[in-house]
Amino acid sequence: VCSSDIIDLLRKELKTEKVKTSKKLSETWFDNQEVMELLKISIRTLQNMRDTQVLPYSKVGGKIYYKARDVEKILNENYHG
């Protein structure tokens, strides 16, 4: 097991705990880095999604947050299964 696999496992575990501690997934908020990792997109693509109102966000003290349910909605709308 390489160190990057361990880091990925820890990240998944932390996200699982984040969801468990919130009442609902929709009450969970992600920052830019988390959304970029989840969607596998660049900061520029994320900026474009905000600019075109594809992804709603909140800005607090210069930091941007996104509701988990909005990120999940984008994934579901673009699912081709």
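A brief report on the enclosed structure follows. (Residues numbered from 1 in each chain as written. Predicted model: local features only at pLDDT ≥ 70, side-chain atom pairs only at ≥ 80, totals over all residues. Heavy atoms only, no water.)

1. Focus on the sheet that holds strand S3 (residues 63–67)
- The strand order across the open sheet built from three strands is S1-S3-S2, with neighbouring strands paired in antiparallel fashion. Two strands lie at the open edges of the sheet, namely strand S1 (29–31) and strand S2 (58–60), each paired on one side alone. Adjacent strand axes in the sheet meet at a mean angle of 40 degrees when their direction is disregarded.
- When S1 meets S3, the two strands line up antiparallel, connected through three bridges. Paired with Asp 31 across the bridge in S3 is Tyr 65. (Pairing = 2+ DSSP bridges. Helix = DSSP H or I, 4+ residues; strand = E, 2+ residues; numbered from the N terminus. Axes fitted to C-alpha atoms, helices over the stretch in contact; angles between N-to-C directions.)

2. Examining the nonpolar core
- Core analysis: the biggest nonpolar cluster contains 12 residues, these being Phe 30, Val 35, Met 36, Leu 39, Leu 46, Met 49, Leu 55, Ile 64, Tyr 66, Ala 68, Val 71 and Ile 74.
- For this core, the secondary structure elements donating two or more residues are helix H2 (32–39), helix H3 (43–51), S3 and helix H4 (68–77).
- Beyond its immediate chain neighbours, meaning those up to four positions away, Met 36 contacts Ile 41, Ser 42, Ile 43 and Leu 46. (Core = buried A, V, L, I, M, F, W, Y, C linked by side-chain atoms within 4.5 Å. Buried < 20%, exposed > 50% of the residue type's maximum accessible area, 1.4 Å probe, protein only. Contact = heavy atoms within 4.5 Å.)

Spatial relationships are all this shows, so hold off on functional conclusions.
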